[in-house]
Amino acid sequence: MEKQILEELYGKLRELIPDFETREEGNKNYISYKMQINDKDFETSVVITNGRAVAITGKRTYIYQIKEKSCEQFNNEVQTRYPLFQIYGGNGNISVGRRLLFDSVDELVTNIREFNSVCKAVIPQFEGSCVNFLVKTREEETYDPTQTFTPLEEESSNEKNADYVESFVKDQQEYCKKTFYELAEGTEPVTKGNDVSFIRNEGDGSLKVTMDKNAPEDLKLDYAYVVDDQELAYIAIANITSTYKELEAFYNEKKRMLHVYSYVTPDKYLPDEPKEGIELLKEAIHSSLETAKKSTVSGEQVSANMQALMNEQLEEIRLKTEELESSRTQIEEERGAFEKEKEAFLNEKNQMEAELEEERTKLQEKEAELEERENAIAEQESINDEEKAKYALSMKNLTGEIARLQARLGQGSAAKEDSGEVAKLKSRLNSVTKARASMEKTLNNENNELRRKNKELSDLLLEKTQETDKLKEDVHDQAVHLFDSEKAEYLKKIEDLQKIADIAGEEMSPERCEKMLNEDGVYGDVSILHGARNDIVSCSYSENFSVKVVFGPIPFADVCKKLKRVDTKSLSKLNDEVADVKFFTKEDGVYARKYINRRITEEELRSVLSELIGYFDDDKKRR
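This write-up is about the structure you can find in this document.

1. Some details on the sheet that holds strand β2 (residues 28-37)
So, step 1. The six strands are arranged β1-β2-β3-β4-β7-β6 in an open sheet whose pairing can be described as antiparallel. Lying at the two open borders of the sheet, with one neighbouring strand each, are β1 (20-25) and β6 (86-90). Across the sheet, the axes of successive neighbouring strands diverge by a mean angle of 15 degrees, strand direction being ignored.
So, step 2. Pairing between β6 and strand β7 (residues 93-101): five bridges, direction antiparallel.

2. Here we look at the layout of surface pockets
So, step 1. Considered as a void within the structure, the second largest pocket measures approximately 870 Å³ in volume.
So, step 2. Along the wall of the second largest pocket there are 27 residues; nearest its centre are Glu246, Ser262, Tyr263, Val264 and Thr265.
So, step 3. Sorting the residues of the lining of the second largest pocket by element identifies β7, β14 (257-264) and α6 (273-295) as the ones contributing at least two each.
So, step 4. Residue composition of the lining of the second largest pocket, by class: eleven nonpolar, four polar and twelve charged.

3. Things to note about a positive patch on the surface
So, step 1. On the surface, Lys192, Lys208, Lys254 and Lys255 cluster together into a positively charged patch.
So, step 2. Inspection of the secondary structure puts Lys192 in strand β9 (residues 190-192).
So, step 3. By relative accessible area, Lys192 is classed as exposed at 72%.

4. Notes on the sheet that holds strand β11 (residues 205-212)
So, step 1. An order of β9-β10-β11-β12-β14-β13 is seen for the six strands of this open sheet, with the pairing classed as antiparallel. Across the chains shown, the open sheet's two edge strands, defined by having one partner strand only, are β9 and β13 (248-252). Between one strand axis and the next, the sheet turns by 25 degrees as a mean value, whatever way the strands run.
So, step 2. As judged from the three bridges shared by β9 and strand β10 (residues 195-202), these two strands associate in the antiparallel manner. Following the sheet pairing, Lys192 is matched in β10 by Asp195.
So, step 3. The sheet strands contacting helix α5 (residues 230-243) are β13 and β14, and the helix crosses β13 at an angle near 170 degrees.

5. Observations concerning the nonpolar core
So, step 1. Ile31, Tyr33, Ile87, Val122 and Phe126 are the most contacted members of the largest nonpolar core, which totals 42 residues.
So, step 2. No other element matches helix α3 (residues 105-130), which puts eleven residues into this core.
So, step 3. Leaving out residues up to four positions away in the same chain, Tyr33 has contacts with Ile17, Asp19, Phe20, Phe42, Glu43, Thr44, Val46, Ile112, Phe115 and Asn116.
So, step 4. Core analysis: the second largest hydrophobic core is formed by 39 residues, Leu183, Val196, Met211 and Ala249 among them.

6. Quick look at the environment of Asp267
So, step 1. Note that Asp267 resides in the loop between β14 and α6.
So, step 2. With relative accessibility at 2%, the residue Asp267 sits in the buried group.
So, step 3. With 168 residues separating them along the chain, Asp267 and Arg99 place their C-alpha atoms 9.4 Å apart.
So, step 4. Residues in contact with Asp267, not counting those within four places in the same chain, are Gln86, Tyr175 and Glu273.

7. Looking at unusual backbone geometry
So, step 1. Despite not being glycine, Asn91 has its phi angle at roughly 55 degrees, a positive value.
So, step 2. With respect to the helices and strands, Asn91 occurs in the loop between β6 and β7.
So, step 3. Even without a glycine there, the phi angle at Arg256 is positive, about 60 degrees.
So, step 4. With respect to the secondary-structure elements, Arg256 resides in the loop between β13 and β14.

8. What about the pairing of strand β12 (residues 219-226)?
So, step 1. Within β12, six of the eight residues are buried, which leaves the element mostly enclosed by the surrounding structure.
So, step 2. Counted between consecutive antiparallel strands, the loop separating β11 from β12 contains six residues.

9. With respect to the pattern of salt bridges
So, step 1. Applying the stated rule across the entire model yields 18 salt bridges.
So, step 2. Here Glu217 makes a salt bridge to Arg99, at a shortest N to O gap of 3.8 Å. On the criterion of sequence distance, the pair formed by Glu217 in the loop between β11 and β12 and Arg99 in strand β7 is long-range, its members being 118 residues apart.
So, step 3. You can call Arg99 buried: its relative accessible area is 8%.
So, step 4. Between Arg318 and Glu322 there is a salt bridge, with its nearest N and O atoms 2.5 Å apart. Taken together, the positions of Arg318 and Glu322, both in helix α8 (residues 306-411) and four residues apart, correspond to about one turn of that helix.
So, step 5. Beyond isolated ion pairs, a larger network of salt bridges with shared partners links Arg200, Glu202, Glu279 and Lys282.

Conventions and cut-offs
- Residues numbered from 1 in each chain as written.
- Predicted model: local features only at pLDDT ≥ 70, side-chain atom pairs only at ≥ 80, totals over all residues.
- Heavy atoms only, no water.
- Pairing = 2+ DSSP bridges.
- Helix = DSSP H or I, 4+ residues; strand = E, 2+ residues; numbered from the N terminus.
- Axes fitted to C-alpha atoms, helices over the stretch in contact; angles between N-to-C directions.
- 1 Å grid on protein atoms, 1.4 Å probe; cavity = no way out; pocket = protein on both sides within 12 Å on 5 of 7 lines; lining within 4 Å.
- Points joined across faces, edges and corners; volume = space filled by probe spheres on them.
- Nonpolar A, V, L, I, M, F, W, Y, C, P; charged D, E, K, R; others polar.
- Patch = residues over 30% accessible without salt bridge, like charges linked within 9 Å, V, L, I, M, F, W, Y side chains within 5 Å.
- Areas by Shrake-Rupley, 256 points an atom, 1.4 Å probe, with all protein chains shown as cover.
- Salt bridge = Lys/Arg side-chain N within 4 Å of Asp/Glu carboxyl O.
- Lys, Arg positive; Asp, Glu negative; His and termini not counted.
- Charge placed at Lys NZ, Arg CZ, Asp CG, Glu CD.
- Buried < 20%, exposed > 50% of the residue type's maximum accessible area, 1.4 Å probe, protein only.
- Contact = heavy atoms within 4.5 Å.
- Core = buried A, V, L, I, M, F, W, Y, C linked by side-chain atoms within 4.5 Å.

This is the structure:
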C-alpha cells in the first residue's frame, strides 16, 4: 500500500481511535486497537492486503458457561440485522468480522467506524443473553461474587490477538479457494500472473471467475453477454448502474460484449452467496436489456414539434435576458444610492471627528490651566513655609530672652527692672504666638480652598475625557454597524443577481445535460451511457433519428439520421459552407457534429442541438 495513502489513513483514523498500533509484513499492513465494551478491552485488528482488500476482526473468549441454544437464536438475529458482517457466538467466544474492498481512505474509515458501532451493539447483547457469569468452565481467573452481572472475560494480549487474526485470515483464504474450485468444477482454471480464473458458459452468456492465488480473499464474478447494438448496450449499462448500485458494467465495442461484474467475499456462514451473485449478474443484464429495448420509442412527433420548442426556448431566453438587464439596472441605481449614503455618512463622521478634536483642544487648555494652578499652589505653600520659619525663629529668640531674664531674677539683682522686661517679653511672645496661629489658620483655609478647586477641575477633566472616549466608541460602533449592514445587503443583492442571471461558471456535466433535456420534455427517454473514455447523453427518437452529447477529452454534440441514399456532393458543399460543423457518414447514417466548450450554458447547448437538428429538416436545411 502506498505510503502517502497510509499516512492519510493513519491521520484520519487518529481522530476516530486516539491509540492504535501499526505494523507491516510483506504486502500486508496491520492496525490493532482496543475498544472499551462492558468495562473490558475488546481487541480489534484491521488487515489491509494488496492495497484495497480489508479484513476487520475482533474476538472475545469467555471462561464462563455459554448457553448454546441462546447462541443459535442470537446468531440468526444478528445475521439478519447485519448481513454484511460475520458475527458468530458459541464455543466459548464471540467473533465479529467484516471483509470488504475500498476505493478511498474516507470509505475505509467509515467502515471501521461502522464496525466499532456494531461491536458495541452486539457484544453486550451476546453477554446478556448467552453468557452465564454464575458458572465458570475454567479457573484461570478469580471469581468476584460482588460483580455477579459484570462480564469477566479472559485477558488477551496483542500477541494472542495477532495470532487469531492470522488464523482468521488463513481460514478465510482456504474457504475462498474451496469456493473457487467448487464453482470451477468441470472446467480447467488458467493461471495468469497472480490471478487464476476459469470461464464457462452460463445460459446464453459466459461467466468468468477470477481469484488472486497469492491472497485468495475475494472472487471477481464477470458475466458477459453478446450485444450487437452498441447504443442498446450503453442504455443497458445506464440502467444497470442506476438499478444495481453494487454492480459495475462496461461494453467491449471490439468484441461486442456487454460485461457486468462484481466482487464477492466467500463466507462459510453464507455459502450460497457466490451463486446468488452469479444469478444477480444474469438478472441485471437481461432485465436492463429488456428495459433498454422498451426505451427506444418513436421520435417523429418530437422532431415535428422541435422548431416550436426552440422558439419557445428562445423567447424564454429573451425574457430572461430582459429580466437580467432590468435587475442590473436596479442594482446600479441602488449602488449609486448606497454611495451617496456612504458619502453623507463620511461627511457626518468627519464633522463629528472635528467636534471631538475641538473638545480635545478645550480639554488640553483645561489641563494647562489646572497645571498652572497647581504650580501657583506649590509656590504659595513655599512662601507659607518661609513665613512659618520666620515666626518659629522669632519665638525661639523670645523664649531664650525670657529664660535669660528669669535667670537673672533668680540671682536677686535688678529685680524690678528685669521683672518688667520679662512681662514685656512674655506679652510679645503671646502676640507672636497668636499671630502665628492666625496665620497658619488663614494659610490652611487657603490651601484647602485651592485643593478643593483643584479636585473639582480634576473631576471635570476626568468626566470630559470619559465622555469623549464614549463618544468616539459610539461613533466607531455606528460606523461598523452601518458599513457591515450595507455591505451584507449589497452582497445579498449581488448574489440574487447571479442567481437571476444563471451564470454558467461551472462546467456542463452529463448529469446537468440529462436533467436539462428531461426538463425540456421533447427528447423522449434520455440516458447517460458510461464508456471507458467518455460519458454519452443519448436521446433515441426512432430508428432513423438520434441525438448524442459526448463528454470526453474534447466534448461534442452529434445528430444522426439514417438515410437510404446519401448525396455526398451535398455533404461536401455543407462542409465547405459551414465551418464549425462537420458532416460525415457512417454505416448507421449521416452525422452532423459540432464541438462544444466545457463551460457551455444550457441556452447555448439548446441552440447547438437546434442548429444540428435543423440540417436534417427540409424546411430549414441550408442550400
